[in-house]
Amino acid sequence: MNDSAGGTGDPARTERAVTPTSTSASASPDERDEPSVLELADATREYDTGAGVVRALDGVDLRVDRGESLAVIGPSGSGKSTTLNLLGLLDAPTEGTVRLDGRDVTAIDDREATDLRREFVGFVFQDFYLIPTLTARENVAMPTMFQGGDRGRAAALLERVGLGDRLDHYPSELSGGQKQRVAIARSLVNEPEVVLADEPTGNLDLDTSERVLDEFDRVREQGVSVVLVTHDPLVTEYAGRAVELVDGRVADRDAGGTVE
Amino acid sequence: MSGGADGDGGDDRSRPAPASRSAGVDRETGDRALYRRFPALALAWRNLRRNRLRSLLATLGIVIGVLAVATLGVFGNVVSLSAAQTLGGIGDQVIVSPDENAGVESLGPREVQAVERAAGTRGEVVPLITGGATARSGGSRTVAQLYGTRTPRTLFEARAGELPERHRQGAIVGPEIAEALSLRVGSTVEIEGNEYRVVAVLAEPEGFSPVTPDTAVVLPPGEFREQEFSQVVIEAESGDAAETIAADVRERLNAREQRVSVFALSSVVAEIARFFGLLSAFLIGIGAVSLVVAGVSILNIMLVTTVERRGEIGVMRAVGVHREDVLRLLVVEATLLGVAGAVGGAVLSVLAVGGLWYFTPVALDVVLVPTNAAYVLGAAVFGVLVSLASGAYPAYKAAGERPVEALRG
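All values reported here derive from a predicted model rather than from experimental measurement.

**A look at the packing of helix 11 (residues 323-359) of chain B against helix 13 (residues 370-400) of chain B**
Residues and elements named next belong to chain B.
Moving on, step 1. At a minimum axis separation of 7 Å, helix 11 and helix 13 run at an interaxial angle of 155°. With respect to helix 13, the element helix 11 is oriented roughly antiparallel. In the crossing of helix 11 with helix 13, the sense of the turn from one axis to the other is right-handed.
Moving on, step 2. Across the contact of helix 11 with helix 13, the residue classes break down as 18 nonpolar, 7 polar and 1 charged.

**Some remarks on the sheet that holds strand 5 (residues 103-104) of chain A**
Residues and elements named next belong to chain A.
Moving on, step 1. Judged by pairing direction, the sheet is antiparallel, and its 4 strands sit side by side in the order 2-1-4-5 without closing on themselves. The two strands at the open ends of the sheet, each matched to only one other strand, are strand 2 (53-64) and strand 5.
Moving on, step 2. As defined by bridge partners, strand 1 (residues 38-48) adjoins strand 2 across 8 bridges and the pair is classed as antiparallel. Each residue of the ladder has a partner; that of leucine 38, found in strand 2, is valine 64.

**Here's the deal with the side chain of B:Glu312**
Moving on, step 1. Assignment of secondary structure puts B:Glu312 in helix 10 (residues 310-318).
Moving on, step 2. With a relative accessible area of 12%, B:Glu312 lands in the buried category.
Moving on, step 3. Beyond its immediate sequence surroundings of up to four residues, B:Glu312 is in contact with A:Tyr129, A:Ile131, A:Pro132 and B:Arg50.

**Quick look at a negative patch on the surface**
Moving on, step 1. A surface patch of like charges, here negative, comprises A:Asp205, A:Asp207, A:Glu210, A:Asp214 and A:Glu237.
Moving on, step 2. Tracing the chain through its elements places A:Glu210 in helix 9 (residues 206-221).

**Observations regarding empty space enclosed by the protein**
Moving on, step 1. Considering all chains together, one arrives at 3 cavities of 30 Å³ or more under this definition.
Moving on, step 2. Taken as a whole, the largest cavity holds about 50 Å³ of empty space.
Moving on, step 3. Surrounding the largest cavity, A:Ile131, B:Leu43, B:Asn47, B:Arg309, B:Glu312, B:Ile313, B:Met316 and B:Leu329 form its lining.
Moving on, step 4. Per element, the largest residue contribution to the lining of the largest cavity is 3 residues, and it comes from helix 10 of chain B.

Conventions used here
- Residues numbered from 1 in each chain as written.
- Chains lettered and ligands numbered in written order.
- Predicted model: local features only at pLDDT ≥ 70, side-chain atom pairs only at ≥ 80, totals over all residues.
- Heavy atoms only, no water.
- Axes fitted to C-alpha atoms, helices over the stretch in contact; angles between N-to-C directions.
- Helix = DSSP H or I, 4+ residues; strand = E, 2+ residues; numbered from the N terminus.
- Parallel < 35°, antiparallel > 145°, perpendicular 65-115°, else oblique.
- Left-handed = near helix turned anticlockwise from the far one by under 90°.
- Nonpolar A, V, L, I, M, F, W, Y, C, P; charged D, E, K, R; others polar.
- Pairing = 2+ DSSP bridges.
- Buried < 20%, exposed > 50% of the residue type's maximum accessible area, 1.4 Å probe, protein only.
- Contact = heavy atoms within 4.5 Å.
- Patch = residues over 30% accessible without salt bridge, like charges linked within 9 Å, V, L, I, M, F, W, Y side chains within 5 Å.
- Areas by Shrake-Rupley, 256 points an atom, 1.4 Å probe, with all protein chains shown as cover.
- Salt bridge = Lys/Arg side-chain N within 4 Å of Asp/Glu carboxyl O.
- Lys, Arg positive; Asp, Glu negative; His and termini not counted.
- Charge placed at Lys NZ, Arg CZ, Asp CG, Glu CD.
- 1 Å grid on protein atoms, 1.4 Å probe; cavity = no way out; pocket = protein on both sides within 12 Å on 5 of 7 lines; lining within 4 Å.
- Points joined across faces, edges and corners; volume = space filled by probe spheres on them.

What follows is the structure in structure tokens.
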């Protein structure tokens, strides 16, 4: 994430780039060989609220490398969700660039964005967002159901998250943790390259949270990148790397201050 | 990307599970197959079942609307057809008679020929000699209306016996005469001192006709003293033809001086038909208003349900379901409401029309006409179209919303 830092001559950035933190050390070799799965370059997102323009993100650089788990943390209103929306191709930056596998996808249309989301990205939401009229298996197959839906794969994924005996249960018959595991299975049905999770443990108790996070760990072990947006310290612990956002900018956690 | 080994293992373990709950699987097989083949239809059906009462009420609106359009349409059609049947063939008939005010007493061969030319192939010309006489048989007697014609088949229908193609001998008697004198085919009737064998008995008339068969006695023209005709009836092939023929006859015979009077009811009948057409359209219009109101209720329900399911729709869009697929899903929901309502309304309207036939003196042959089926079918199709149109806007609105907005709640 700090490729360009050397050029700026900013001491804080330089220091960070050379600091052998646990994740950047393992990630560094990949960075040179292959492009990041997802990358935000100098991304700014402004909203016109009517009362004035609100800048939710302000020149954020962020890379998600293959097979890493990254926590995006920060207080409410710091731009976490906006970051996730940009990474998930749900929204486009006002300025800056979004790259998927090195390809510039900043200005693609809705149709293409939908296709790319289905092919490359898995989503997990705080409120699970399961369709109440579909069984667990059908919920998992939902992203691909208009393309023929692979129900066998859906069942296999539910087995994998420990819900092999709940295939035909409706969401109302599942507990919160089970629902979130169904949601994780759903996020994997399209064999994504990255799973984006927005407060995945926000509605879960501690034990259940741990089970869900173990699930994410297993996902990452399959080579899928995982981005967790959270303010749950437990989640941060699980993640290999954490990026803190403050007021729409990336903060330097180690220095305890803001970069730029 | 997520290792195949894991997927295989999951597959193997997942298969026995459904088999062990075969009862549940059997129960849902139909639904499953539907889901796989037509995901939008299956999903729409489940969404409608989620709020059964609401879906039922929306459907009820369409049922009432379709019922109103179909029954009012059919009733109007039945009234119009019954009227047309009662008016019978008079719209198609032209009657040419001598203008007595002008001193013309009868129609000669020249006039008959002129009328025949005017009719051409568009109508059959029947010259008639008319008169009154007393008919006797056994001890009883009655007053009869005499008609002399060579071609009785054009104007009359027989109840018993057969009408001859060329009427050369014997008498054809009307139903009232037959009853009054107890006549049957083969009996003898005496008119003006001559005895005739009855060759046929006429049927009751179905509608109005200027040549009434009730008290008629039809004889060959040679039996009359007069050799000239007292009127000529033209049975035209249609009301329009009757009007043209009437105008043509006037031109041919009344061009220089008024010699005949020409009587055609076709324009009056056309006017009556137009009135019934208007009445029918008015009734259908009233029905259509109720159907449009039902459409508004579907619009309302679809708006409410899409707002309620905003997050769900947003997540579908986020995980890669296309806008058009969401649009299709919601339009299918509205259409399902419409189809259910239309089928219900059509069935009820068939029952209502059946009731009309059962409880009123309406004849079966005006109920079982293809146009009535067209009204029922048309109302059903209209009901589905109204639902589809009502669902289109909420569907468009919901499917078009950006997933980010929808997920924000």
